[in-house]
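Survey of secondary and tertiary structure
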Amino acid sequence: MLTNKKLYIKTFGCQMNQYDSSKIFSLLKNSHGFEKTENAEEADILLLNTCSIREKSQEKVFHQLGRWKKIKKINPNIIICVGGCVASQEGKIIYQRAKYVDIIFGPQTLHRLPNMINEINKKRSLIIDISFTKNEKFNNFPKPHAKGPTAFVTIIEGCNKYCSYCIVPYTRGKEVSRPYKDILFEIAQLTKQGVREINLLGQNVNAYHSKTINGDNCSFSKLLRLISKINEIDRIRFTTNHPIEFTEDIIEVYNYTHKIVNHLHLPIQSGSDKILKKMKRGYTVFEYKNIINKLRKIRPNISISSDFIIGFPGEDYDDFKKTIDIISDINFDASYSFIYSKRPGTPASKLKDNITQNEKKQRLYLIQKLINQQTMKYSKNMLNSIQKILVEGVSRKNTNDFFGRTENNRIVNFKGSIDMVGNFINVKIINILPNSLRGEILT
Ligand code: 5AD
Ligand code: SF4
């Protein structure tokens, strides 16, 4: 067993990757006593948790490995591990491009890392394990460690939707839901460490399904109802969602419990039915609007955010204009937009890409400008309102301040005290800044 060994982890990509990285650290701490370091030069293991959603994220992997090559030259004993979606997709190709890599593991084999480290210590030769496992990974997860009053919990991994542009079903595999009891147990463990807000994670949480003890189905809406009964949990968030599985029973839970935040991330991707069809999203703009209308009947002030893909093959100016229109039509709050990126092996990669890079960039600029205006409009409407925030800790910018988040995920900085951390407080919004709000505690 190694002792006083140091692990340096670099994580690219989504919240699930962040969650996986925190589990990797706990696993290696428990098995080998690893401590985390922020200094790559002093590490015994350099670990890269990768993302392949867009080409740019993938390029970052080899740039990072190039930097680590220099470190390995100085310290040949250092172990370099590459995990996540690029590892899953590229496998041995990573090694062919970077011969100094020791371990290549996938999103579903990270729990085997302690054994892989043992193996590599015995025999220095490449280990690749990027297989898909069912619930094996989750069954081997260590006890969760809360980092504050809010925590992430993965409930489902993988995706069966096969949107024509997306690489996720190939890298994360098919949908695997965790048994609902394991999820409730993990949340119970987190509440004992002071967690008050849970953020449920999955490539598509709406597809969640497991069986109860009676053999009944536990759908996503049922899981939400079960979690809402946990006294210590006051706020429930979840991401990400898919319109075709955002069904009536989920909408009804918004009526059943106010613990579900007044905010929903429901990616529409495009405002054009023609493009949605090419993307194989399985819904029309009309159907999307219907969901939002139903939801707004229950929660008139709910904030809705979305993802948008710009410049999908075949998107003409009229399609783009429809995406522009849908942003103000739905009145989206803060949203994300990306230029379409051709991913190898996906059906869309075979489509003729007829839009110039310049045109794509121009469309992205226009869309982001509009999204920023919308976000600002939303923030301005919050001025002088009273917001309930969960105080997470000392403010990042000014250590005399504390910060918390509103239901629609705005960061609020305010003058407070350490005893407020982990509690919900009411603040009045007194100033609007581009990336945060300023609040004042109500006396
Ligand atoms: N190109 C650009 N954006 C993509 N996304 C997924 N795949 C691609 C791609 N090939 C975006 C979608 C998704 C978000 C997580 O990433 O908008 O909702
Ligand atoms: Fe990708 Fe579509 Fe699955 Fe989301 S729903 S992960 S965009 S295939």
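Please read all numbers here as calculations on a predicted model, not as lab measurements.

1. A closer look at the site of ligand 1
- Within the structure, ligand 1 sits among Ile53, Arg54, Tyr165, Gln269, Asp307, Ile309, Phe338, Ile339, Tyr340, Ser341 and Arg343.
- Contacts to ligand 1 include glutamine 269, whose side-chain N or O atom sits 2.7 Å from an oxygen atom.
- Bound to the protein, ligand 1 loses 86% of the 410 Å² it would expose on its own.
- Of the residues in the shell around ligand 1, the class split is six nonpolar, two polar and three charged.

2. Let's talk about the UniProt feature "binding site: [4Fe-4S] cluster 1" (unreviewed entry) in the protein chain
- As annotated by UniProt and renumbered to match this structure, "binding site: [4Fe-4S] cluster 1" (unreviewed entry) occupies Cys14, Cys51 and Cys85. For the residues just named, distributed over 72 residues, the greatest C-alpha separation is only 10.6 Å, placing them together at one site.
- Turning to its location among the elements, cysteine 14 is positioned in the loop between β1 (6–11) and α1 (15–32).
- Its place among the elements puts cysteine 51 in the loop between β3 (45–50) and α2 (55–74).
- Classification of cysteine 51 as buried rests on a relative accessible area of 12%.

3. Quick word on the environment of phenylalanine 138
- Within the secondary structure, phenylalanine 138 is located in helix α6 (residues 136–139).
- According to the relative accessible area criterion, phenylalanine 138 is buried, its value standing at 7%.
- Along the backbone, phenylalanine 138 and threonine 154 are 16 residues apart, and their C-alpha atoms lie at a distance of 9.1 Å.
- If we skip the residues at most four places from it in the chain, phenylalanine 138 touches Thr154, Glu157 and Arg178.

4. Overview of the packing of aromatic side chains
- The final tally for this structure, using the stated rule, is 12 aromatic pairs.
- Ring plane angle 85° and centroid distance 5.6 Å describe the contact between phenylalanine 308 and phenylalanine 332, whose orientation is recorded as edge-to-face. A residue pair is termed long-range when its members are at least 10 positions apart, and phenylalanine 308 in strand β16 (residues 307–310) and phenylalanine 332 in the loop between α13 (317–330) and β17 (336–339) qualify at 24 residues. Comparing phenylalanine 308 with phenylalanine 332 shows no difference in burial state: the two are buried.
- Among the aromatic residues, ring-to-ring pairing joins Tyr283, Tyr288, Phe308 and Phe332 into one connected group.
- Just above the ring of tyrosine 256 sits the side chain of arginine 225; from NZ or CZ to the centre is 4.3 Å.
- Over the face of the ring belonging to phenylalanine 424 we find lysine 388, whose NZ or CZ atom lies 4.8 Å from the ring centre.

5. Side note on the nonpolar core
- Counting residues in each nonpolar core, the largest one holds 65 residues, and the members touching the most others are Leu200, Phe238 and Phe246.
- Once residues within four sequence positions are removed from consideration, phenylalanine 238 is found in contact with Asn199, Leu200, Val205, Phe220, Leu224, Phe246, Tyr254, Ile260 and Leu264.

6. Thoughts on the sheet that holds strand β18 (residues 386–394)
- Read around the closed barrel, the five strands follow the order β18-β19-β20-β22-β21; overall the barrel is mixed. For this sheet, the mean angle separating the axes of adjacent strands, direction not counted, is 50°.
- Summarising the sheet, strand β20 (residues 411–414) and strand β22 (residues 437–441) pair through two bridges and their orientation is parallel. The partner of asparagine 413 across the bridge, within β22, is arginine 438.

7. Let's talk about unusual backbone geometry
- That bond from threonine 239 to threonine 240 is cis: its omega, 5°, falls within 30 degrees of zero.
- Residue placement: threonine 240 occurs in the loop between β13 (235–239) and α10 (248–256).
- Despite not being glycine, tyrosine 162 shows a phi value in the positive range, around 50°.
- We classify tyrosine 162 as partly exposed; its relative accessible area is 27%.

8. Quick look at the layout of surface pockets
- The calculated volume of the second largest pocket comes to roughly 370 Å³.
- For the second largest pocket, the lining is made up of 15 residues, of which Lys56, Ile339, Tyr340, Ser341 and Gln357 are closest to its centre.
- Sorting the residues of the lining of the second largest pocket by element identifies α2, β17 and α14 (357–381) as the ones contributing at least two each.
- By residue number, the principal contributor to the lining of the second largest pocket is α14, which donates four residues.
- Here the lining of the second largest pocket is composed, by residue class, of four nonpolar, four polar and seven charged.

9. Overview of α2
- End to end, α2 covers 30 Å across 20 residues, agreeing with the expected 28 Å (1.5 Å per residue, within 8%).
- Listed in full, the buried residues belonging to α2 are Ser57, Gln58, Val61, Phe62, Gln64, Leu65, Trp68, Ile71 and Lys72.
- Taken together, the buried residues of α2 touch β1, β3, β4 (79–83), α3 (84–90) and α4 (92–97).

10. Some details on a nonpolar patch on the surface
- Taken together, the side chains of Tyr317, Tyr365 and Leu366 define a hydrophobic patch exposed on the protein surface, amounting to about 330 Å² of accessible area.
- Exposure remark for tyrosine 317: the relative accessible area of 46% places this residue in the partly exposed category.

Analysis parameters
- Residues numbered from 1 in each chain as written.
- Chains lettered and ligands numbered in written order.
- Predicted model: local features only at pLDDT ≥ 70, side-chain atom pairs only at ≥ 80, totals over all residues.
- Heavy atoms only, no water.
- Near = heavy atom within 4 Å.
- Polar contact = N/O pair within 3.5 Å; in protein donor to acceptor, adjacent residues only side chain to side chain.
- Areas by Shrake-Rupley, 256 points an atom, 1.4 Å probe, with all protein chains shown as cover.
- Nonpolar A, V, L, I, M, F, W, Y, C, P; charged D, E, K, R; others polar.
- UniProt positions renumbered as here; feature names shortened; annotations may be inferred.
- Helix = DSSP H or I, 4+ residues; strand = E, 2+ residues; numbered from the N terminus.
- Buried < 20%, exposed > 50% of the residue type's maximum accessible area, 1.4 Å probe, protein only.
- Contact = heavy atoms within 4.5 Å.
- Phe/Tyr/Trp six-rings, centres within 6.5 Å; stacked < 30°, edge-to-face > 60°.
- Lys NZ or Arg CZ within 6 Å of the ring centre and 35° of its normal.
- Core = buried A, V, L, I, M, F, W, Y, C linked by side-chain atoms within 4.5 Å.
- Pairing = 2+ DSSP bridges.
- Axes fitted to C-alpha atoms, helices over the stretch in contact; angles between N-to-C directions.
- 1 Å grid on protein atoms, 1.4 Å probe; cavity = no way out; pocket = protein on both sides within 12 Å on 5 of 7 lines; lining within 4 Å.
- Points joined across faces, edges and corners; volume = space filled by probe spheres on them.
- Expected span 1.5 Å × (residues − 1).
- Patch = residues over 30% accessible without salt bridge, like charges linked within 9 Å, V, L, I, M, F, W, Y side chains within 5 Å.
- Salt bridge = Lys/Arg side-chain N within 4 Å of Asp/Glu carboxyl O.

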